[in-house]
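Overview (structure and organization)
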Amino acid sequence: MRRTAPEGHGPVRYGPPLPDQGLPVLPELRSVLAAAADRSDTDLFGGGPALLDAARGYWTRRGLPAAPDRVVAAPGAPALLLALTGALGGDVLAPRPCAAWWAPQARLLGRTVFHVATPAECGGVPDPYALLETVRRVRAEGGDPRLLLLSVADDPTATVAPPEVVHEIVEVAAGEGLHIVSDETWRDTLHRPHDTVLLSPAEMLPDDVTVLTDLAGAFLPQGWPAAVARFPDNDAGALLRSRVLDVLTVLGARVAEPVAAAAAYALGEPTAVTERLTAAVRLHARVADAAQRAVGAAGAVVRPPQAGRHLYVDLGPLRSALGAHGVGDAQDLEDYLSARLGMPAPGGHRFGDDLAALRVRLGTGALLGSTDEEREESLASPSPLELPHVHGALTRLGSAFGDLHDDAQRRESPR
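A short tour of the structure in this document, coming up. None of these values were measured; they are calculated from a predicted model.

**So, the pattern of salt bridges**
- Under the defined criterion, the tally for this structure stands at 20 salt bridges.
- Of the charged contacts in the structure, one is a salt bridge between Arg39 and Glu257, with a shortest N-O distance of 2.5 Å. Here Glu257 lies in helix 9 (residues 257–267) and Arg39 lies in the loop between helix 1 (27–35) and helix 2 (49–60), a separation of 218 residues in the sequence.
- Exposure remark for Arg39: the relative accessible area of 44% places this residue in the partly exposed category.
- Arg96 is the partner of Asp354 in a salt bridge, and the nearest nitrogen-oxygen pair spans 3.9 Å. Here Asp354 is found in the loop between helix 12 (330–341) and strand 10 (359–363), whereas its partner Arg96 is found in strand 2 (residues 91–96), with 258 residues between them in sequence.
- One salt-bridge network, held together by shared partners, links Arg61, Arg62, Asp188 and Glu269.

Now the structure itself:
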């Protein structure tokens, strides 16, 4: 079986962070954080009562009620995943591609990660038949797969898994005795929430699914690390939660009190938070659609983004033109596009994709403006794509890909 391993230009141990919001911090969040800044007490490992109660309310409103002793908080999703991986033991299964921070947690513990191809219609979840074959082959070779990581609203592909695919995946996982960790960081950033059905695996398999949410996805700035996890309401879930708390305690992984206060406020979803989130999602959706049209017109392949603040682009059709710029793999592509676009453009190898594949994740946050004033204007405008700074950023993006398309056309042999 193919295992996750460093390759190419050197070990890829640390992935890029979640795509940035590209927007000023909500004033109400700043006020809550500042009000808690002089507290001398420290919150408990695993989160204090206010934060955990807010997390329970958040999940209950989404049809996933949580018992008081089945929720845990930590300073960011990587710390939670590290604790979960350590507590569950065994080998890890993940879709290819997947969130950049998933595999490093397993590697740190010396665990093996087996990547499984995704279905044609979406990323974030493995193809059911490929998953079944992989599990059985790993076991036949002496492996011990126990943990399946998936994301129904995905980073990096920005797609949402159809409910029927989620059903099939959950059935395979249940049949093979796998515990599912469902990363639902992006579930509240659906571009067309009235037209897109998001099904959590926890709705289907409540006894064997732990739900993980990093609040940097929808609610908090990147620099305020906080994440929450919801465990199954059974004896196995209670034992897993206890083990996770043990690991978090050993790591000293406690949410800072001011951040915990802001997180509890955000998870309570007051009007200020929901209105900002709705406006931000609408803005990123419009910019993502425009960016997809720009790169697609140049011949690159990209699925229509359905969630989040990013899109995942395959530049394989432009390989000949990129080769003229010294680009032969995903690391070269990352270096070239990051410099050419003036924005982060992490290559697909950071998300578990093949190094040879010319894939890259592009974020929309960098296209919203270069100052807080411009970003606020983008957020408030009914026609953000017409604003000079947004239009200019999209034009530069289209021009960079358009130049590659023109180069590729010139290099084609005459027919």
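Still to come is the rest of the account.
**Here's the deal with the sheet that holds strand 2**
- Spatially, 1-7-6-5-4-2-3 is the arrangement adopted by the seven strands of the open sheet, whose pairing is mixed. The strands lining the two open edges of the sheet, one partner per strand, are strand 1 (71–74) and strand 3 (113–117). Put simply, the sheet's adjacent strands are angled 25° from each other on average, direction ignored.
- Where strand 4 (residues 145–150) lies against strand 5 (residues 179–183), four bridges are found, and the strand directions are parallel. Across the sheet, Leu150 pairs through a bridge with Ser182, a residue of strand 5.
- On the sheet, helix 5 (residues 128–140) packs against strand 2, strand 3 and strand 4 and is oriented at approximately 150° with respect to strand 3.

**Focus: the pairing of strand 5**
- Summarising burial for strand 5: five of the five residues are buried, a large majority.
- Side-chain alternation along strand 5 places His179, Val181 and Asp183 on one buried face and Ile180 and Ser182 on a second face that is also buried.
- Between strand 4 and its parallel partner strand 5, the chain crosses via helix 6 (residues 163–175), and the hand of that crossover is right-handed.
- Bridge analysis of strand 5 against strand 6 (residues 209–214) gives four bridges, and the strand direction is parallel. Bridge pairing in strand 6 links Val181 to Thr210.

**Quick notes on empty space enclosed by the protein**
- Under the definition given, this model contains one cavity of 30 Å³ or more.
- Approximately 30 Å³ is the volume attributed to the largest cavity.
- Lining the largest cavity are Leu18, Ala99, Trp101, Ser151, Ala153, Asp155, Asp183, Thr185 and Trp186.

**Things to note about the sheet that holds strand 9 (residues 310–314)**
- Taken in spatial order, the three strands make up an open sheet running 8-9-10, and their pairing is antiparallel. Only two strands of the sheet have a single neighbouring strand rather than two, namely strand 8 (301–302) and strand 10.
- Strand direction decides the pairing type here: strand 8 and strand 9, joined by two bridges, are antiparallel. Residue pairing across strands places Val302 opposite Val313, the latter belonging to strand 9.
- Each of strand 8, strand 9 and strand 10 is contacted by helix 10 (residues 271–297), which is oriented at about 10° to strand 9, the strand it contacts most.

The rules we used
Residues numbered from 1 in each chain as written. Predicted model: local features only at pLDDT ≥ 70, side-chain atom pairs only at ≥ 80, totals over all residues. Heavy atoms only, no water. Salt bridge = Lys/Arg side-chain N within 4 Å of Asp/Glu carboxyl O. Helix = DSSP H or I, 4+ residues; strand = E, 2+ residues; numbered from the N terminus. Buried < 20%, exposed > 50% of the residue type's maximum accessible area, 1.4 Å probe, protein only. Pairing = 2+ DSSP bridges. Axes fitted to C-alpha atoms, helices over the stretch in contact; angles between N-to-C directions. Contact = heavy atoms within 4.5 Å. Right-handed = clockwise from strand over helix to strand, strands pointing away. 1 Å grid on protein atoms, 1.4 Å probe; cavity = no way out; pocket = protein on both sides within 12 Å on 5 of 7 lines; lining within 4 Å. Points joined across faces, edges and corners; volume = space filled by probe spheres on them.

That's the geometry; what it means functionally is another story.
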